[in-house]
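These are the residues of each chain, in order.
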Amino acid sequence: MTATYYLGVDGGGTRCRARLETADGKVLGRGLSGPASMRFGFETARESIMAATRQALTEAGLDEDAMAQTYAGIGLAGTGQLGARAALEAWKHPFAAAWFEGDGYLAYLGAFSGGDGGIVVCGTGSIGITYDKTTIRVGGYGFPVSDEGSGAHIGLNAIRYALRTLDGRTSATAFANEILERFQSDPAVVIRWSETASATDYAAFAAIVIKHATSGEPAAINLLRDAAVHIAGLVEAVLARGARRVALVGGLVEFLKPHIPPATAERLTEPVSDAMAGGILLAKTRQAGA
C-alpha cells in the first residue's frame with residue numbers, strides 16, 4: 001500500500017519552515033529556507049517552499065517522488081497582495097494536493113488545534129487574528145504602514161535611535177554604533193538603503209536589539225518594551241473582537257513576552273502547537289472534505 005504524507009509549510013518574511021509527517025502524526029523530516037512572503041513575488045515564495053520541502057524529504061530519507069503522495073497545507077505571508085492567490089492557485093505544484101492560506105491563519109489553526117481562539121503573530125510582521133465564521137484580523141496591513149511591534153518595526157526604531165545618536169540628540173552607545181557600522185556611520189548610506197529595503201531587511205536589525213537588550217543596554221530594552229506595548233494592544237483588540245483566549249506566536253515571542261504589561265500577560269494562553277501543525281491540520285481537513 002502506498003504511504004501518504006502530510007506537509008505543513010510556514011512561509012514568513014524571514015524564513016520558510018516545513019515539516020513532513022505520516023498520517024498518524026509521526027514527524028519524518030523538517031526543512032528550513034529563506035523568505036517565502038508573496039510580497040517578494042511568487043517565484044521567490046515557490047523556491048523557498050520547495051527548498052524547505054526538499055530538506056524535509058532528505059531528512060526523512062525520501063526522494064522527490066514522494067511529493068506525489070504528499071498533501072500540503074501551505075501558509076504564506078503576503079497572500080493579500082494583488083494577484084497572490086491567483087498565482088498560487090495556478091501553480092502546477094508537485095504535490096498530491098496543496099491548499100494555500102495566509103501564514104497567520106495557519107498559526108491560528110496550530111495554536112488551538114483548530115479550536116476557538118485568537119492569536120497575535122510576533123515575527124517579521126505582526127497581526128492579530130481570530131475566527132468567527134470568517135477570519136477577523138487586527139492590524140497586519142504590511143510594513144511600514146502597519147505591523148507595529150514586529151521585527152521590522154523594532155529594526156526601524158533601532159535605526160532611528162542610532163541616527164539620533166549620530167547627530168547628538170542622544171548619547172552614543174555600543175548598541176547604536178553596531179547599527180551605524182552597517183552604514184559606515186553615514187546618514188546618506190542609510191537613506192539610500194532605505195529606498196529599497198524590505199520589511200525583512202529592517203527585521204534583521206531586531207537581532208542586534210535583542211543582543212544588546214540581553215546584555216542590559218537600556219535603549220535596546222526600551223525598544224523591546226515599546227514593541228511589547230504594541231503587541232499587547234493587538235492582544236486586547238483580538239479579545240475585544242470576541243476571542244475567548246489569545247496566544248502569542250512567532251519568532252519574537254520569547255523576547256517580547258517578558259515585557260508585555262502584566263494586565264495583558266495574565267490573559268494570554270500558551271499555544272498548543274505551531275503554524276506547521278496548522279498546515280498539516282489544514283491539509284488533512286481539506287483532503288477529508290474533498
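Quick look at the structure, then. (Residues numbered from 1 in each chain as written. Predicted model: local features only at pLDDT ≥ 70, side-chain atom pairs only at ≥ 80, totals over all residues. Heavy atoms only, no water.)

Things to note about the sheet that holds strand β9 (residues 246-249)
Argument step 1. With respect to topology, four strands assemble into an open sheet ordered β8-β7-β6-β9, the strand pairing being mixed. A strand with exactly one partner marks an edge of an open sheet, and here the two such strands are β8 (135-138) and β9. Each neighbouring strand pair of the sheet contributes to a mean axis angle of 20°, computed without reference to strand direction.
Argument step 2. Bridge count between strand β6 (residues 118-122) and strand β7 (residues 126-131): five bridges; the pairing is antiparallel. Bridge pairing in β7 places cysteine 122 opposite serine 126. (Pairing = 2+ DSSP bridges. Helix = DSSP H or I, 4+ residues; strand = E, 2+ residues; numbered from the N terminus. Axes fitted to C-alpha atoms, helices over the stretch in contact; angles between N-to-C directions.)

A short note on the sheet that holds strand β3 (residues 27-33)
Sheet strands pair by backbone hydrogen bonding; their relative direction is either parallel or antiparallel.
Argument step 1. Strand order in the open sheet formed by five strands is β3-β2-β1-β4-β5, and the pairing between neighbours is mixed. The open sheet has two free edges, formed respectively by β3 and β5 (97-102), since each of these has just one partner strand. The average angle at which neighbouring strand axes cross in this sheet is 15°, direction not considered.
Argument step 2. Relative to β5, strand β4 (residues 70-76) runs parallel, the two sharing six bridges. Residue pairing for β5: glycine 73 is matched across the bridge by tryptophan 99.
Argument step 3. Strand contacts of helix α1 (residues 42-60): β1 (5-11), β2 (16-22), β3 and β4, with the helix running at about 145° to β3, the strand carrying the most contacts. (Contact = heavy atoms within 4.5 Å.)

Side note on the pairing of β2
Argument step 1. Here β2 lies mainly inside the structure; six of its seven residues are buried.
Argument step 2. Looking at chain direction, β1 and β2 are connected through seven bridges and run antiparallel. Bridge pairing in β2 links leucine 7 to leucine 20.
Argument step 3. Counting the residues that bridge the hairpin from β1 to β2 gives four residues. (Buried < 20%, exposed > 50% of the residue type's maximum accessible area, 1.4 Å probe, protein only.)

Here's the deal with helix α5 (residues 174-181)
Argument step 1. Within the sequence span of α5, burial applies to Phe175, Ala176, Glu178, Ile179 and Leu180.
Argument step 2. Next to the buried residues of α5 lie α4 (151-166), α8 (206-214) and α9 (218-240).

Comments concerning the pairing of β3
Argument step 1. One ladder, built from six bridges, connects β2 with β3; its direction is antiparallel. Pairing of glutamate 21 across the sheet is with valine 27, part of β3.

Focus on unusual backbone geometry
Argument step 1. Residues phenylalanine 143 and proline 144 are joined by a peptide bond in cis, for which omega reads 10°.
Argument step 2. Its place among the elements puts proline 144 in the loop between β8 and α4.
Argument step 3. For serine 113, which is not glycine, the phi dihedral falls at a positive 50°.
Argument step 4. Structurally, serine 113 is set in the loop between α3 (103-111) and β6.
Argument step 5. Positioned with a positive phi, serine 185 is a non-glycine residue whose angle comes to about 55°.
Argument step 6. Residue placement: serine 185 occurs in the loop between α5 and α6 (187-194).

A few points about the pattern of salt bridges
Argument step 1. Scanning the model with the defined rule gives 11 salt bridges in all.
Argument step 2. Note that glutamate 43 and arginine 46 form a salt bridge whose closest N and O atoms lie 2.7 Å from each other. Pair noted here: glutamate 43 and arginine 46 are both in helix α1, with a separation of three residues, about one helical turn.
Argument step 3. Among the charged side chains, a network of salt bridges with common partners joins Arg19, Glu21 and Asp274. (Salt bridge = Lys/Arg side-chain N within 4 Å of Asp/Glu carboxyl O.)

Digging into the state of the cysteines
Argument step 1. Under the definition given, this model contains zero disulfides.
Argument step 2. Unpaired in terms of disulfides, cysteine 16 finds its nearest cysteine sulfur in cysteine 122, a separation of 20 Å. (Disulfide = S-S within 2.5 Å.)

What about the packing of aromatic side chains?
Argument step 1. One pass over the structure, following the stated rule, counts 14 aromatic pairs.
Argument step 2. Ring centres of tyrosine 105 and tyrosine 131 lie 6.2 Å apart, and the angle between their planes is 55°; on these two criteria the pair is classed as tilted. Of this pair, tyrosine 105 sits in helix α3 while tyrosine 131 sits in strand β7, and the two are 26 residues apart along the sequence.
Argument step 3. In this structure tyrosine 105 comes out as buried when scored by relative accessible area, which is 17%.
Argument step 4. Through a chain of ring-to-ring contacts, the aromatic side chains of Phe143, Phe183, Trp193, Tyr202 and Phe205 assemble into a single cluster. (Phe/Tyr/Trp six-rings, centres within 6.5 Å; stacked < 30°, edge-to-face > 60°.)

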